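Secondary and tertiary structure notes
Here's the letter readout for the chains.
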Amino acid sequence: MRGWWQDLSDLVLPAECAGCGRPRAVLCPRCRTALSGAAPRRVRPEPMPPAVHAAAAYADEVRALLLAHKERGALALARPLGEALAGAVRAGLRQAGDRGVSGNRCVSGDGCVLLVPVPSARAAVRARGHDAARRIALAAAGELRRGGTPVRVAAVLRQRRAVADQAGLDSRQRLANLAGALGVVPGGDRLLARGPVVLVDDLLTTGASLTEAARAVRAVADSGVSSVYRRAGGEGREEHGAVVPEGRPDRAHLRWGMRDGNRAGRVLCAAVVAASPDSFELNRN
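Cut-offs applied
Residues numbered from 1 in each chain as written. Predicted model: local features only at pLDDT ≥ 70, side-chain atom pairs only at ≥ 80, totals over all residues. Heavy atoms only, no water. Helix = DSSP H or I, 4+ residues; strand = E, 2+ residues; numbered from the N terminus. Buried < 20%, exposed > 50% of the residue type's maximum accessible area, 1.4 Å probe, protein only. Contact = heavy atoms within 4.5 Å. Areas by Shrake-Rupley, 256 points an atom, 1.4 Å probe, with all protein chains shown as cover. Core = buried A, V, L, I, M, F, W, Y, C linked by side-chain atoms within 4.5 Å. Expected span 1.5 Å × (residues − 1). pLDDT = per-residue confidence, 0-100. Axes fitted to C-alpha atoms, helices over the stretch in contact; angles between N-to-C directions. Parallel < 35°, antiparallel > 145°, perpendicular 65-115°, else oblique. Nonpolar A, V, L, I, M, F, W, Y, C, P; charged D, E, K, R; others polar. Pairing = 2+ DSSP bridges.

1. A closer look at the overall build of the chain
Of regular secondary structure, the chain possesses nine helices and eight strands. When the 285 residues of the chain are sorted by exposure, 49% land in the buried category. By sequence separation, contacts in the chain at least 24 residues apart represent 74% of the contacts at least 6 residues apart. Surface exposure of the chain reaches about 13400 Å², of which carbon and sulfur atoms provide 48%.

Given below as structure tokens:
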């Protein structure tokens, strides 16, 4: 666990840019441009989760920045990473305009768009000392509100079961590994009823995590029941209203956002700070 003095020293006396190593800068101008200098773009991973926009490609300086924030606790990077994510959220909301979002207004629930972070395993959060995706989501929400977009973070997803290490798995194997792994915490259905959802994460590799997150949110939106519950002794979880076709975890994404526009609890789109360079190829067979 990081000490408060270490967090403070990172903010006041940065040793070097986390992207390129330039001295005395949390984030140098060159690396800031690599992160947020271009307009966010639509990415098309396989399998296809909700429509996803990414601020940058996961390579070089951007890769170094995300790893420094997530794995090395460079918390001062949360704000610029959040600003990049906010740009991707705005791009997604603009594209979702045909489904009922217009400008900075949302007509469902209490008027707020809900940013729902994809959760990491609890063990990973403990080891890192912070929840990277949630921290970036909070920074993005602040940036969006400053720009006039009504938004709040709803960290309602949790892992329901352990999953295998994703390293070395292809996209279909990753989706099968994650199928049914996420659920909504007790009471999360009430939060999700307050507005439409934008799923957010720091990184998109294959789209499997966002696809599973969309399934978990849709299960609650369809059933009105949180997909995580407590048994005697506080352990054990069970899913309600799952939409994964039997034997076909690769098709779990097909029902995201297909109906009801921007109704509260519906997944409008997804946004990430960075995505694998291959996912930016729009015309893939």
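2. Remarks on unusual backbone geometry
Positive phi outside glycine occurs at Asp-60, with the angle close to 50 degrees. Tracing the backbone through its elements, the reader meets Asp-60 in helix H3 (residues 60-71).

3. Notes on the side chain of Lys-70
With respect to the helices, strands and loops of the structure, Lys-70 is situated in helix H3. Lys-70 sits in the buried class, given a relative accessible area of 18%. Those residues in contact with Lys-70 that lie beyond four places of it in its chain are Arg-128, His-130, Ala-132 and Asp-202.

4. Examining the nonpolar core
If you look at the biggest cluster of nonpolar residues, it comprises 37 residues, and the most contacted ones within it are Leu-35, Leu-85, Val-89, Leu-115, Val-198, Val-200 and Val-273. In terms of residues, this core owes the most to one element, helix H4 (residues 78-95), which gives seven residues. Contacts of Val-89, omitting those with residues within four sequence positions, involve Leu-115, Leu-144, Val-198, Val-200 and Ala-271. Counting 27 residues, the second largest nonpolar core, distinct from the first, contains Val-118, Leu-204, Val-217 and Val-267.

5. So, H3
Over its 12 residues, H3 extends 16 Å from the first C-alpha to the last, a length consistent with the 16 Å expected when each residue adds 1.5 Å. The complete set of buried residues in H3 reads Glu-61, Val-62, Leu-65, Leu-66, Ala-68, His-69 and Lys-70. Directly after H3, the chain includes Gly-73, whose backbone phi takes a positive value near 65 degrees.

6. Concerning the confidence of the model for the chain
Per-residue confidence for the chain gives a mean pLDDT of 79, with 72% of residues at or over 70. Averaged pLDDT values over the elements of the chain bottom out at 52 in helix H1 (residues 4-12) and peak at 97 in helix H6 (residues 132-146). With pLDDT under 50 throughout, residues 227-262 is counted as low confidence; its partners more than four residues away or in other chains account for 85 contacts.

7. Structural notes on H4
Taking 1.5 Å as the rise per residue, H4 with 18 residues should run 26 Å; its terminal C-alpha atoms sit 26 Å apart, in good agreement. Of all 18 residues in H4, 13 are buried, a share of seventy percent or more.

8. Details of the packing of helix H2 (residues 29-36) against H4
Viewed as axis vectors pointing N to C, H2 and H4 meet at an angle of 30 degrees, and their least axial separation amounts to 9 Å. By the angle class used here, H2 and H4 are roughly parallel. Between H2 and H4, the contacting residues are Arg-32, Leu-35 and Ser-36 on the first element and Pro-80, Leu-81, Glu-83 and Ala-84 on the second. Broken down by class, the residue content of the contact of H2 with H4 amounts to four nonpolar, one polar and two charged.

9. Comments concerning the sheet that holds strand E8 (residues 267-275)
Strand order across the open sheet formed by six strands is E1-E2-E8-E7-E3-E4, with mixed pairing between neighbours. Edge positions in the open sheet fall to strand E1 (41-43) and strand E4 (151-153), since each of these has one partner strand only. When the angles between neighbouring strand axes are averaged without regard to direction, this sheet yields 30 degrees. Two elements, strand E7 (residues 197-204) and E8, share seven bridges in a ladder whose sense is parallel. Across the sheet, residue Asp-201 finds its bridge partner in E8, namely Val-272. With respect to the sheet, H4 is in contact with E1, strand E2 (52-57), strand E3 (113-117), E7 and E8, its orientation differing from that of E8 by roughly 145 degrees.

10. Considering the packing of H2 against H3
Contact geometry for H2 and H3: axes closest at 9 Å, N-to-C directions at 95 degrees. It follows that H2 is roughly perpendicular to H3 by the angle criterion. Contact residues: H2 offers Arg-30, Cys-31, Ala-34 and Leu-35, while H3 offers Glu-61, Val-62 and Leu-65. Each residue belonging to the contact of H2 with H3 can be placed in one class, and the counts come to five nonpolar, no polar and two charged.

11. Some remarks on the pairing of E8
With respect to burial, E8 is a largely interior element, nine of its nine residues being buried. Pairing of E2 with E8, which is carried by five bridges, proceeds in the parallel orientation. Considered in E8, the bridge of Val-52 is made with Ala-270.

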